[in-house]
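Inside the fold
Below, each chain spelled out in residue letters.
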Amino acid sequence: KTNNAMNFIIIDEENADKGLKNGDYYMVITIPEDFSKNAASMMNSNPEKMQLQYATNPGYNYISSKLSESAIKEIKANIISEVTTTYTNAVFASIAELGDGLGQASDGTEKLLAGMSSLDDGAGLITDKLNVVADSSQTLYQGSRKLGVGQLDNGINSLSDGIDKAAAGTHQLQAGSE
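Here the structure is a predicted model, which is why all the values come from computation and not from measurement.

1. A word on the overall build of the chain
Within the chain one finds 4 helices and 2 strands. When its helices and strands are written in sequence order, the chain yields α-β-α-β-α-α. Per-residue burial over the chain gives 11% buried out of 178 residues. Sequence separation of 24 or more characterises 57% of the internal contacts of the chain that already satisfy a separation of 6 or more. Accessible area of the chain: about 14,500 Å², with a carbon and sulfur share of 56%.

Here it is in structure tokens:
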């Protein structure tokens, strides 16, 4: 539309065909409906071919037909250039997006490493506190032995045995008095 090298007129297919037959136009270029979709497929593994359709007026002279053919070649070259530019921009945009994603992944990895370091510090603190508890329980055990807790425990067991025997003897006395 914006190419000033030729006088492009954008019209519908019916009027284009009439104008070509009447001699109003040297050439009609038809852009198929799937042209943009095919151009967008360049990023796919199996891109579709972009094809312009054109027709020339056979009533014009040889020079006009050669100019029309030359014009269609230039139009095709311009379209290929535009599609290539668009494709390249899309590829670079994808690369930039990938770079952003990798940066975010790197930030996440750093946070994960910092969290793991905090977890390791916490585990070390728990280990230290458990060692203090173990040492304290050992000290408590040794202190209780010094205080005679073992002898007290033996005395309590003897007392308990004596109470059991006394209860049994009381029970025998009761049974015998009846």
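2. A few points about helix α1 (residues 13-22)
For α1, the set of buried residues is A16, G19 and L20. Summarising the axial view, the buried residues of α1 lie within an arc of 100°, below the 170-degree limit, and thus occupy one face. Exposed positions of α1 whose direction lies more than 90 degrees from the buried face are E14, K21 and N22. Residues of α1 that are buried make contact with β1 (27-30) and β2 (53-56). Looking one or two residues beyond α1, the residue adopting positive phi is G23, at roughly 90°.

3. Re the confidence of the model for the chain
Where the model shows low pLDDT, its predicted coordinates should not be examined in detail. When pLDDT is averaged across the chain, the result is 80; 89% of the residues are at 70 or more. When pLDDT is averaged over each element of the chain, α1 comes out on top at 88 and helix α4 (residues 149-177) at the bottom at 78.

4. Describing the pattern of salt bridges
Oppositely charged side chains can pair when the atoms bearing their charge come close. In total, this model carries 1 salt bridge according to the counting rule given. Across the pair K18 and E14 runs a salt bridge whose closest N-O atoms are separated by 3.5 Å. Within this pair, K18 and its partner E14 are both found in helix α1, separated by 4 residues, close to a single helical turn. Overall, E14 belongs to the exposed group, its relative accessible area being 55%.

5. What to know about a nonpolar patch on the surface
Residues M6, F8 and I10 make up a contiguous nonpolar surface patch of roughly 270 Å² in combined accessible area. Within the fold, F8 resides in the segment before α1.

6. Description of the environment of Y54
Residue placement: Y54 occurs in strand β2. Residue classification places Y54 among the partly exposed positions, given a relative accessible area of 38%. Considered as a pair, Y54 and I72 are 18 residues apart in the sequence and their alpha carbons are 7.9 Å apart. Every residue in contact with Y54, bar those within four places of it in the chain, is listed here: M27, V28, I29 and I72.

The rules behind these values
- Residues numbered from 1 in each chain as written.
- Predicted model: local features only at pLDDT ≥ 70, side-chain atom pairs only at ≥ 80, totals over all residues.
- Heavy atoms only, no water.
- Helix = DSSP H or I, 4+ residues; strand = E, 2+ residues; numbered from the N terminus.
- Buried < 20%, exposed > 50% of the residue type's maximum accessible area, 1.4 Å probe, protein only.
- Contact = heavy atoms within 4.5 Å.
- Areas by Shrake-Rupley, 256 points an atom, 1.4 Å probe, with all protein chains shown as cover.
- Arc of directions from axis to C-beta.
- pLDDT = per-residue confidence, 0-100.
- Salt bridge = Lys/Arg side-chain N within 4 Å of Asp/Glu carboxyl O.
- Patch = residues over 30% accessible without salt bridge, like charges linked within 9 Å, V, L, I, M, F, W, Y side chains within 5 Å.

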